[in-house]
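Results of the structural survey
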Amino acid sequence: MSRQAHYSITRDNQTLIFQMCEWARFETSDYRKTIQEDLQRQDFEGCQNAIVDCTGLKYANSLFLESLLYIAAEMKRRGGKFCVCGVEPFVGELIQITHLDQRWPIYLNCDEAKAALP
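Residues numbered from 1 in each chain as written. Predicted model: local features only at pLDDT ≥ 70, side-chain atom pairs only at ≥ 80, totals over all residues. Heavy atoms only, no water.

Brief notes about the overall build of the chain
Quick note on the threshold: Each helix is a run of H or I in the DSSP string that is no shorter than four residues. Each strand is a run of E no shorter than two, and both are numbered from the N terminus. Exposure is judged per residue with a 1.4 Å probe applied to protein chains only, and the accessible area is read against the type maximum: over 50% gives exposed, under 20% gives buried, and values in between give partly exposed. Pairs of residues are marked as contacts when any of their non-hydrogen atoms sit within 4.5 Å. Each accessible area is a Shrake-Rupley estimate made with a 1.4 Å probe; only the visible protein chains count as cover when residues are assessed.
Scanning the chain from N- to C-terminus turns up 4 helices and 5 strands. Order of helices (α) and strands (β) in the chain, N terminus to C terminus: β-β-α-β-α-β-α-β-α. A burial count over the chain gives 43% of its 118 residues as buried. Nonlocal contacts in the chain, meaning residues at least 24 apart in sequence, comprise 74% of its contacts between residues at least 6 apart. Carbon and sulfur atoms make up 50% of the accessible area of the chain, which amounts to about 6900 Å² in all.

A few points about the packing of aromatic side chains
Let me state the cut-off plainly: Note on ring pairs: Phe, Tyr and Trp rings are taken, using the six-membered ring of Trp, and paired if centres are within 6.5 Å. Classes follow the plane angle, with under 30 degrees stacked, over 60 edge-to-face and the rest tilted.
Summed over all chains, the structure comprises 3 aromatic pairs. Ring geometry for Y7 and F18: centres 5.8 Å apart, planes at 50 degrees, overall tilted. Pair noted here: Y7 is in strand 1 (residues 7–12) and F18 is in strand 2 (residues 15–20), with a separation of 11 residues, a long-range link. The class for Y7 is buried, based on a relative accessible area of 9%. In this structure F18 comes out as buried when scored by relative accessible area, which is 0%. Between Y59 and F90 the ring centres are 5.6 Å apart and the planes differ by 20 degrees, which places this aromatic pair in the stacked class. Of this pair, Y59 sits in the loop between strand 3 (49–53) and helix 2 (62–77) while F90 sits in helix 3 (residues 89–97); the two residues are 31 residues apart in sequence, bridging distant segments of the chain. By relative accessible area, F90 is classed as partly exposed at 40%.

So, the packing of helix 1 (residues 32–39) against helix 2
Short version of the rule: Angles shown run from 0 to 180 degrees and are taken between the N-to-C directions of axes, each axis being a line fitted to C-alpha atoms and, for helices, limited to the stretch in contact. Any angle from 65 to 115 degrees is called roughly perpendicular, while one under 35 is roughly parallel, one over 145 is roughly antiparallel, and all others are oblique. Helix crossings are classified by the rotation of the near helix relative to the far one: an anticlockwise turn of less than a right angle makes the crossing left-handed, while a clockwise turn makes it right-handed.
For the pair helix 1 and helix 2, interaxial distance at closest approach is 10 Å and the crossing angle is 30 degrees. Of the possible angle classes, the one that applies to helix 1 and helix 2 is roughly parallel. Here helix 1 runs over helix 2; the crossing is right-handed. Taken together, the residues of helix 2 that come into contact with helix 1 (itself represented by R32, I35, Q36 and L39) are E66, S67, Y70, I71, E74 and M75.

Below, the structure written as structure tokens:
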């Protein structure tokens, strides 16, 4: 049984852009391994920055937050930057309650996020 992907990844120079998709409210699968494997792909080697684009994402849970933390840690390990953009109200509240908004920059949209990264 294959798991439904909750994101897609594109590369823009040295920046990976994660486009998040809607998560099931009671999702219990561990996506850390999937994200880890994706980040190790040869075509993503050398990418130091990541943008997580949450445009259209109306719901998120602890697995989503764990995914953000993992991606951010990997970009830090690579010497790069991490940010979030396109945050909808519920997701923004979740990020604020967990104080992650104090840890990472949050931009209005992907273009603004790209412009802010080196």
